[in-house]
Amino acid sequence: MDSLNRMATELVDEAIDFADELTIDVHALSGDAAVLDFGVDVPGAVEAGMVLAEIQTAGLATVQSTMDTVAGAPLTHVELSTDHPALALLCSQKGGWELSVDGFEGLGSGPARALVAEEEAFQRIGYREEADFAVLAVETAQLPDEAVAAQVAERTGVPETGVFLPAFSTASVTGSVAAAARAAELAVFRLAELGFDPVSVLSATARAPVAPVAGDEATAMARTTDALAYGGEVHLTVDESFDRFEEVASVAGAEYGEPLAAVFEDADWDFADLPVGLFGPAQVTIDVVGGETHVVGETREDVLAESFGL
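Described in the following lines is the structure provided in the data block. A quick note: this is a predicted structure, and the numbers were derived from the prediction, not measured.

### Some thoughts on the packing of aromatic side chains
And step 1. Taken as a whole and assessed by the stated rule, the structure comprises eight aromatic pairs.
And step 2. A connected cluster of aromatic rings, assembled from ring pairs, spans Phe-264, Trp-269, Phe-271 and Phe-279.
And step 3. A cation sits over an aromatic face here: Lys-94 above Phe-189, 4.7 Å from the ring centre.

### Considering the pattern of salt bridges
And step 1. Considering all chains together, one arrives at nine salt bridges under this definition.
And step 2. When the shortest N-O distance is used, the salt bridge between Arg-300 and Asp-302 registers 2.9 Å.
And step 3. Because the salt bridges share partners, they merge into one network encompassing Asp-68, Arg-207 and Glu-233.

### Here's the deal with the nonpolar core
And step 1. If you look at the biggest cluster of nonpolar residues, it comprises 71 residues, and the most contacted ones within it are Leu-4, Phe-38, Leu-236 and Val-284.
And step 2. Looking at this core element by element, the count peaks at seven residues for helix α9 (residues 183-193).
And step 3. If you look at the next biggest cluster of nonpolar residues, it comprises 20 residues, including Ala-112, Leu-136, Val-138 and Ala-153.

### Some thoughts on the side chain of Lys-94
And step 1. Within the fold, Lys-94 resides in the loop between α4 (85-93) and β5 (95-101).
And step 2. When its relative accessible area of 13% is taken as the criterion, Lys-94 is described as buried.
And step 3. Ignoring sequence-local partners within four residues, the contact set of Lys-94 consists of Leu-89, Gly-108, Ser-109, Gly-110, Arg-113, Glu-119, Glu-185 and Phe-189.

### So, the side chain of Glu-185
And step 1. In this structure, Glu-185 sits in helix α9.
And step 2. Here the side chain of Glu-185 touches Arg-182 through a polar contact of 2.9 Å, side chain to side chain.
And step 3. Those residues in contact with Glu-185, other than ones at most four positions away along the chain, are Leu-89, Leu-90, Gln-93 and Lys-94.

### Comments concerning the pairing of β5
And step 1. In the sheet, β5 pairs with strand β6 (residues 104-109) via six bridges, with the strands oriented antiparallel. Note that in β6 the partner of Val-101 across the bridge is Phe-104.
And step 2. The antiparallel hairpin formed by β5 and β6 contains two residues in its connecting segment, where Asp-102 sits at a positive phi of about 50 degrees.

### Brief notes about helix α10 (residues 217-229)
And step 1. With 13 residues, α10 should reach 18 Å at 1.5 Å per residue; the first-to-last C-alpha distance of 18 Å fits that figure.
And step 2. Taken together, the buried positions of α10 are Ala-220, Ala-222, Thr-224, Thr-225, Asp-226, Ala-227, Leu-228 and Ala-229.
And step 3. Capping the start of α10, Asp-216 holds a side-chain oxygen 3.2 Å from the backbone nitrogen of Ala-218, two or three residues further along.

### Comments concerning the sheet that holds strand β3 (residues 62-70)
And step 1. Overall, mixed pairing links the six strands, which are arranged β3-β4-β10-β11-β12-β13 in an open sheet. At either margin of the open sheet sits one strand with a lone partner, and together these are β3 and β13 (293-297). Strand-to-strand twist of the sheet, defined as the mean angle between neighbouring strand axes without regard to direction, takes the value 15 degrees.

### As for the packing of helix α3 (residues 46-56) against helix α8 (residues 173-180)
And step 1. Here α3 crosses α8 at 45 degrees, and the two axes come no closer than 8 Å. As judged from the angle between their axes, α3 and α8 are oblique. Considering only the axes of α3 and α8, their crossing is right-handed. Residue-level inspection shows Val-46, Ala-48, Gly-49, Met-50, Leu-52 and Gln-56 of α3 in contact with α8, the latter providing Val-173, Thr-174, Val-177 and Ala-178.
And step 2. Split by residue class, the contact of α3 with α8 holds seven nonpolar, three polar and no charged.

### Things to note about the packing of α10 against helix α13 (residues 301-308)
And step 1. In contact at an axis separation of 10 Å, α10 and α13 are set at 165 degrees when each is read in the N-to-C sense. It follows from the interaxial angle that α10 and α13 lie roughly antiparallel. Pair α10 / α13 crosses with left-handed handedness. Taken together, the residues of α13 that come into contact with α10 (itself represented by Arg-223, Asp-226 and Ala-227) are Leu-304, Ser-307 and Phe-308.
And step 2. Looking at the contact of α10 with α13, its residues break down into three nonpolar, one polar and two charged.

Rules used throughout
Residues numbered from 1 in each chain as written. Predicted model: local features only at pLDDT ≥ 70, side-chain atom pairs only at ≥ 80, totals over all residues. Heavy atoms only, no water. Phe/Tyr/Trp six-rings, centres within 6.5 Å; stacked < 30°, edge-to-face > 60°. Lys NZ or Arg CZ within 6 Å of the ring centre and 35° of its normal. Salt bridge = Lys/Arg side-chain N within 4 Å of Asp/Glu carboxyl O. Core = buried A, V, L, I, M, F, W, Y, C linked by side-chain atoms within 4.5 Å. Buried < 20%, exposed > 50% of the residue type's maximum accessible area, 1.4 Å probe, protein only. Helix = DSSP H or I, 4+ residues; strand = E, 2+ residues; numbered from the N terminus. Contact = heavy atoms within 4.5 Å. Polar contact = N/O pair within 3.5 Å; in protein donor to acceptor, adjacent residues only side chain to side chain. Pairing = 2+ DSSP bridges. Expected span 1.5 Å × (residues − 1). Axes fitted to C-alpha atoms, helices over the stretch in contact; angles between N-to-C directions. Parallel < 35°, antiparallel > 145°, perpendicular 65-115°, else oblique. Left-handed = near helix turned anticlockwise from the far one by under 90°. Nonpolar A, V, L, I, M, F, W, Y, C, P; charged D, E, K, R; others polar.

Have a look at this one:
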């Protein structure tokens, strides 16, 4: 298997070739790093969001859109499936790189994180890579600039000419789609937090509704979290039992049962004050090979309808 960054770079190259069809803009910075606007100064798009999710998972996941209903209303849903959950979801897709450079703020996801490999997940999985390219998807309300590219290049040990920064805002079509594609990642990360070996997760398939695009980043963060915590559904296949499977699903329904904008507001948007179990998918089925099948949590269409204004 090629390195995660090499595989993601091939997808970035394709996105650049089809930029017009994907409705994305491509900008070359002074150091020749490339910024791909997937949904910051452009509105974003469903297809762009699915391509972004493929880039974030380094091509190790299949991403597609489907139609289903929420509270009787037809809505786009996103499905993601991978047979490499540890690499695709934790070592690549997870948003684990907080960027703060000269007034710029953003959250980085994607395989560039594996070139730094400082997060605990990389130690547990035993994965780190070196590459000539670094792909870091940046969730932000403003496009990354030269200072951001320089920091990414320095931390990853990659020349700026090899740095690719797909960027998107939470409050964009792309942001809503990319968020819906994270249900499986949340489930596998939650399992790892509880002490389960993520390498023992053999496959993951998930889906979640695409939240209506909000008019501001805070509302978008709340709505996209609602889409996962009240509407995300995940199926995992694992090769060993565990005594804490019942803690994988989000506690949002049991603890709050209301759209999370109010919960986040009460906490002054300080997520550290909220229970860690909040940030998970609504319902999870876990199949143990040769063992039991566990089903935990439930979806809440009533809460989603209120959150989405249906």
